[in-house]
Amino acid sequence: ETLDKGLEKSKTSFFSKLSKAVAGKAKVDDDVLDNLEEVLVSSDVGVDTTLKIIDRIEERVARDKYLGTDELNQILREEIAGLLSETNTGDETDFTIPKNTKPYVLMVVGVNGVGKTTTIGKLASQFKKKGLKVVLGAADTFRAAAIDQLQVWADRTDVPIVRQEMGSDPASVAFDTVQSGINQNADVIIIDTAGRLHNKVNLMNELSKIKRVMQKVVPDAPHDVLLVLDGSTGQNAFEQAKQFTKATEVTSLAVTKLDGTAKGGVVIGISDQFQIPVKYIGVGEGIDDLQVFNKHEFVDSFFK
Ligand code: GDP
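This report concerns the structure included in the present document. Since we're looking at a predicted model, the values are computed, not measured.

The element strand S2 (residues 134-139) is extensively covered by neighbouring structure, given that 6 of its 6 residues are classed as buried. By the alternation rule, side chains of S2 split into Val134, Leu136 and Ala138 and Val135, Gly137 and Ala139, which are all buried. Here S2 runs beside strand S4 (residues 188-193); their pairing, made up of 6 bridges, is parallel. Bridge pairing in S4 places Ala139 opposite Thr193. As defined by bridge partners, S2 adjoins strand S3 (residues 161-162) across 2 bridges and the pair is classed as parallel. Residue pairing for S3: Gly137 is matched across the bridge by Val162. With helix H7 (residues 144-157) bridging S2 and its parallel neighbour S3, the resulting β-α-β unit is right-handed.

Okay, structure coming up:
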C-alpha cells in the first residue's frame, strides 16, 4: 500500500502513457511498438534496456503471429519481471542480513545529494527495529556537513556512531568503526563514504583503501557495497552507476526519490544495464520511507 503511494507518480504516468500508446489498436504492430518504445524511454528505462524489451516483444509477435494489445500489459509485466530476475533483483520482502555473518559490514557509496545519508539513517532504523545492533561510521570526512548529517541520523535512531574530525583519513574512520562495532557486539556496521566523482583515481584509491583496512579486522568485509542513486535524475543516475562500478565492485543499489518522479523506469534500466540488484528504494524523506525492493510489488504497482 505504501509502495503504491510512493510510486503513484510513476504508476499514473507509466500506465496512462501506455494506455495512450495502444489506444484504438487491437493488435501489436509497428506503430504500437514505436509508441511503446517512446513510453519506456521517457520513463527512464534507458535506450538499451528499452530495445531489449521491444526485441523480446517482437519475438513474441513473430512467434504467436497475432498479439492483441490487451495482452501487452501482461507480456510487459513478464518481460520486466524477467529482466529484474536476471539481475537477481527483488524477491526479498523484508529488511534482512545474511545469517552467520556477524558483523555484517555494509559500505555505502554515492555522490552528494542523492540521499546517501538519509538512506543510511533509514536502514539503521529498520535494522534496529529487527532487534539488530547497528553501528555507523562517518567515513565521508571530506565535508563537515556529511559528518554532522550522519550524526543527526545516529541521534534520531539512537544508534552509536564513530567519527573523527573533518579531513581525517576515511580508512582510519572505517577501521575504527569496524573495530568498535566488534567491541560493541554489533550485528550491522554501516560505513558512509565520500563520493567525489571528479577525481576517479582518488575515489578508486580511497574506496580500496577503506576496504583493505576494514579487512584487517573482518577479512571478508565489506559484505555489501551499496550504491545510492537519485531516481529522479535519469541519465545522471546511469552515468554515476557507470563511474562507481568502474571505481569499485558495487554489489547492490538503492534508488531514492522515486516519490518525486514519474520515471520509476530507471530502476529497470539501471539494474539491467549494470547487472546489479536493486535492493532498496526511497519513497520519501521520512524515516520509514525506505522499502525493500520487491519486483512483484513494483511491477504490480506499474500495471494495476
Ligand atoms: P546525501 O548528500 O547523499 O547524503 O543526501 P541526503 O541524505 O542528505 O539527502 C539529500 C536530500 O534528499 C534531503 O533533503 C533528503 O531528505 C532528500 N531525500 C533522500 N531520500 C529521499 C527520498 O527517497 N525521497 C525524497 N522525496 N527525498 C529524499
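Right, picking up where we left off after that structure.
Turning to the packing of aromatic side chains, a few remarks are in order. All told, the structure shown has 3 aromatic pairs when counted by the stated rule. Taking the centre distance of 6.5 Å and the plane angle of 90° together, the rings of Phe95 and Phe127 count as edge-to-face. Of this pair, Phe95 sits in the loop between helix H5 (69-86) and strand S1 (104-109) while Phe127 sits in helix H6 (residues 116-129); the two residues are 32 residues apart in sequence, bridging distant segments of the chain. Relative accessible area serves as the criterion here: at 0%, Phe127 is assigned to the buried category. A network of ring pairs unites the aromatic residues Phe95, Phe127 and Tyr280 as a single cluster.

Here we come to the packing of H5 against helix H12 (residues 295-303). Put simply, H5 and H12 touch, their axes get as near as 10 Å, and they point 150° apart. Classified by the angle their axes make, H5 and H12 are roughly antiparallel. Seen along the crossing, H5 lies across H12 with a hand that is right-handed. Residues Asn73, Leu76, Arg77, Ile80, Ala81, Leu84 and Ser85 of H5 pack against Lys295, Phe298, Val299, Asp300 and Phe303 of H12. Each residue belonging to the contact of H5 with H12 can be placed in one class, and the counts come to 7 nonpolar, 2 polar and 3 charged.

Residues spaced three or four apart along an α-helix face the same direction, because each turn holds 3.6 residues. Listed in full, the buried residues belonging to H12 are Lys295, Phe298, Val299, Ser301, Phe302 and Phe303. N-cap assignment for H12: the residue whose side-chain oxygen lies 3.0 Å from the backbone N of His296 is Asn294.

Let us look at the packing of helix H9 (residues 200-215) against helix H10 (residues 235-247). At their nearest, the axes of H9 and H10 sit 9 Å apart, and the two run at 55° to each other. One element, H9, and the other, H10, form an angle in the oblique class. Where H9 crosses over H10, the handedness of that crossing is right-handed. Here H9 contributes Lys200, Leu203 and Met204 to the contact with H10, which in turn contributes Gln243, Phe244, Lys246 and Ala247. Considered class by class, the residues forming the contact of H9 with H10 number 4 nonpolar, 1 polar and 2 charged.

So, how was this worked out
Residues numbered from 1 in each chain as written. Predicted model: local features only at pLDDT ≥ 70, side-chain atom pairs only at ≥ 80, totals over all residues. Heavy atoms only, no water. Buried < 20%, exposed > 50% of the residue type's maximum accessible area, 1.4 Å probe, protein only. Helix = DSSP H or I, 4+ residues; strand = E, 2+ residues; numbered from the N terminus. Pairing = 2+ DSSP bridges. Right-handed = clockwise from strand over helix to strand, strands pointing away. Phe/Tyr/Trp six-rings, centres within 6.5 Å; stacked < 30°, edge-to-face > 60°. Axes fitted to C-alpha atoms, helices over the stretch in contact; angles between N-to-C directions. Parallel < 35°, antiparallel > 145°, perpendicular 65-115°, else oblique. Left-handed = near helix turned anticlockwise from the far one by under 90°. Contact = heavy atoms within 4.5 Å. Nonpolar A, V, L, I, M, F, W, Y, C, P; charged D, E, K, R; others polar. Polar contact = N/O pair within 3.5 Å; in protein donor to acceptor, adjacent residues only side chain to side chain.

Any link to function would need more than the numbers given here.
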